[in-house]
Amino acid sequence: LITLAKEGLRSLILMLALLLGAVMLPRAAALTLPPFPLPVGSALAQFGHAIHHLLEPPPATLRASTLEQLTNAAAPRADGEIRLFAARPAEGLVPEGQPLPVLCVLHEFFGLSESICDKAQGLADALGCFVVAPDTFRGVTTSFIPYAIWLALTTPQERVNADLDDVLRWAAEQPGVDGKRVAVMGFCYGGAKAIRYTTQARPNAATVVFYGSPVSDVAELERLRAPVCAVYGTDDAQFPQSTVDGFKAALETAEIEHEVVSYFGVGHAFWKDMAQIHEEQMPQLAAWRLSINFLRNFYSGSESFSKKRAFLEFMLAQQEAEDALEGDGVEYEGEGGVEE
């Protein structure tokens, strides 16, 4: 009873903190709250997805950094600029003169962070690509979870789509960059924005979703002209396995090449930082290798693992069909059914 009382009190305090964070904190910081752009039903659904974050502390690796400290470039937009972190492969990793494909990395609902910038540089080095990690919140980053939820709920997809168009246009203009080979990767909030950006605005870009809200509408997925890779944890309270299975089934129905993998024993947002990769922690390293190989195959135009697997499954089905036609190996003689 004491434990239940403590949990109830904690939940009540966190709910009050959410209200204060959504209303009082931005005003105290002299920030203007954005108009709430979502229909009530959609807002409640997204709030339901995000509410579990209130029961979790922010990642230990999330450091308080300003956008000025995190960003090193800006892409122009019609009414201003979009701050971003841009990363190229370290010297010597890519042959001189080799064009760099583009990877756009979208942050979690905390906003652009040191963790995302570290991942961006790691991805640039591993893939030999030009990585851009834009600030989709347009000037805000936070470690306060209630405010982070508010930012996620009040950032409309249409605005993100327009910003990503501007960012990728800017990226394509940079020296040594091949702006025709583009992929979009996102984490949590960013994963949801990534799959919706490619289905709505950039169907020729490959998509990598790390534990983001999936698109399960077959008609929307059918717009895609590039493959999808998605990573989840089996213990994710936000996206249970039934949701992941629905996403996979929709991709199969839409006939979109895909790799959707759920890793056992981990929950939401299990890949925190590059240190986990350097230390070869599992399943973080496995998820890293999956996404790296997926993107490397996409950029090079090589046959993906999913295509190879589909071919092997087809050949296995053909063999099983042939075995069935050959019968059970028992020979019969005459109408009396005399066995030999």
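The shown structure was predicted, so the numbers you read here are calculated from the model rather than taken from an experiment.

Undergrad: So, the overall build of the protein chain: which residues are in play, and what are the values?
TA: Looking only at helices and strands, the protein chain features 12 helices and 10 strands. In the protein chain, buried positions account for 46% of the 340 residues. Counting only contacts in the protein chain whose residues sit at least 6 apart along the sequence, the fraction spanning at least 24 positions is 71%. Total accessible area on the protein chain is roughly 17,200 Å²; 57% of this is exposed by carbon and sulfur atoms.

Undergrad: Can you tell me about the sheet that holds strand S1 (residues 73-77), naming the residues and giving the values?
TA: Spatially, the eight strands line up as an open sheet ordered S1-S2-S4-S3-S5-S6-S7-S8, and their pairing is mixed. Each of the sheet's edge strands pairs with one partner strand only, and the pair in question is S1 and strand S8 (258-263). Put simply, the sheet's adjacent strands are angled 25 degrees from each other on average, direction ignored. Examined bridge by bridge, strand S3 (residues 100-106) and strand S5 (residues 177-187) share six bridges and lie parallel to one another. Residue Cys104 lies in a different strand from S5, and its bridge partner there is Val184. Relative to the sheet, helix H6 (residues 157-172) contacts S1, strand S2 (80-87), S3, strand S4 (130-134) and S5, its axis offset from that of S1 by approximately 120 degrees. Against the sheet, helix H7 (residues 189-200) makes contact with S3, S5, strand S6 (206-210) and strand S7 (228-233), and its axis sits at roughly 135 degrees relative to S5, the strand it touches most.

Undergrad: Could you give me a rundown of helix H9 (residues 241-253), with the residues and numbers involved?
TA: Spanning 13 residues, H9 covers 18 Å between terminal C-alpha atoms, matching the ideal 18 Å at 1.5 Å per step. Buried-residue contacts for H9 involve helix H8 (218-221), S7 and S8. Glu255 sits one or two residues past H9 and shows a positive phi near 60 degrees.

Undergrad: How would you summarise the packing of H6 against H7 if you had to cite specific residues and measurements?
TA: It is the contact of H6 with H7, at a shortest axis distance of 10 Å, that shows an interaxial angle of 75 degrees. On the basis of the axis angle, H6 is roughly perpendicular to H7. Taking contact as the criterion, the partners of Gln157, Val160, Asn161, Leu164, Asp165 and Leu168 in H6 are, on H7, Tyr189, Ala192, Lys193, Arg196, Tyr197 and Gln200. For the contact of H6 with H7, the per-class residue count stands at six nonpolar, three polar and three charged.

Undergrad: Lay out unusual backbone geometry with the relevant residues and their values.
TA: Residue Met282 is joined to Pro283 through a cis peptide bond whose omega torsion reads 5 degrees. Of note, the phi angle at Tyr211 is positive, near 40 degrees, even though the residue is not glycine. Tracing the backbone shows Tyr211 in the loop between S6 and H8. Phi at Glu280 is positive, roughly 55 degrees, even though this residue is not glycine. Topologically, Glu280 is positioned in the loop between helix H10 (274-278) and helix H11 (284-300). Overall, Glu280 belongs to the exposed group, its relative accessible area being 54%.

Undergrad: Outline the environment of Ala74, listing residues and values.
TA: Tracing the sequence through the fold places Ala74 in strand S1. Overall, the relative accessible area of 22% leaves Ala74 in the partly exposed class. Separated by 61 residues in sequence, Ala74 and Asp135 have C-alpha atoms that sit 9.6 Å apart. When residues no more than four places from it in sequence are discounted, the contact partners of Ala74 are Glu81, Ile82, Arg83, Leu84 and Trp170.

Undergrad: Got a sec to walk through the environment of Phe110? Specific residues and values, please.
TA: For Phe110, the position within the fold is in the loop between S3 and helix H4 (114-127). Residues Phe110 and Phe137, 27 residues apart in the sequence, show an inter-C-alpha distance of 9.3 Å.

Undergrad: Provide a residue-level description of the nonpolar core, including the pertinent values.
TA: One finds Leu103, Leu123, Val131, Phe210, Trp271 and Leu295 to be the most contacted residues of the largest nonpolar core, which totals 56 residues. It is H11 that provides the largest number of residues to this core, a total of eight residues. Apart from residues no more than four positions distant in its own chain, Val131 is found in contact with Phe85, Ala86, Ala87, Leu103, Val105, Ala120, Leu123 and Ala124. With 37 residues, the next largest nonpolar core counts Cys104, Phe109, Ile145 and Val177 among its residues.

Undergrad: Tell me about the packing of aromatic side chains, and please be specific about residues and values.
TA: Counted by the stated rule, this structure contains 13 aromatic pairs. Considering the side-chain rings of Phe210 and Trp271, the 5.4 Å spacing of their centres and the 55 degrees angle between planes classify their relative orientation as tilted. With Phe210 in strand S6 and Trp271 in the loop between S8 and H10, the pair connects residues that are 61 residues apart, well separated along the chain. Consider the rings of Tyr263 and Phe270, whose centres lie 6.2 Å apart with planes at 65 degrees: the pair is edge-to-face. A residue is classified by how much of its surface remains accessible, and Tyr263, at 13% relative accessible area, is buried. A connected cluster of aromatic rings, assembled from ring pairs, spans Phe187, Phe210, Tyr211, Tyr263, Phe270, Trp271 and Trp288. When the ring centre of Trp271 is taken as origin, the NZ or CZ atom of Lys119, which lies over that ring, is 4.6 Å away.

What counts, and at which threshold
- Residues numbered from 1 in each chain as written.
- Predicted model: local features only at pLDDT ≥ 70, side-chain atom pairs only at ≥ 80, totals over all residues.
- Heavy atoms only, no water.
- Helix = DSSP H or I, 4+ residues; strand = E, 2+ residues; numbered from the N terminus.
- Buried < 20%, exposed > 50% of the residue type's maximum accessible area, 1.4 Å probe, protein only.
- Contact = heavy atoms within 4.5 Å.
- Areas by Shrake-Rupley, 256 points an atom, 1.4 Å probe, with all protein chains shown as cover.
- Pairing = 2+ DSSP bridges.
- Axes fitted to C-alpha atoms, helices over the stretch in contact; angles between N-to-C directions.
- Expected span 1.5 Å × (residues − 1).
- Parallel < 35°, antiparallel > 145°, perpendicular 65-115°, else oblique.
- Nonpolar A, V, L, I, M, F, W, Y, C, P; charged D, E, K, R; others polar.
- Core = buried A, V, L, I, M, F, W, Y, C linked by side-chain atoms within 4.5 Å.
- Phe/Tyr/Trp six-rings, centres within 6.5 Å; stacked < 30°, edge-to-face > 60°.
- Lys NZ or Arg CZ within 6 Å of the ring centre and 35° of its normal.

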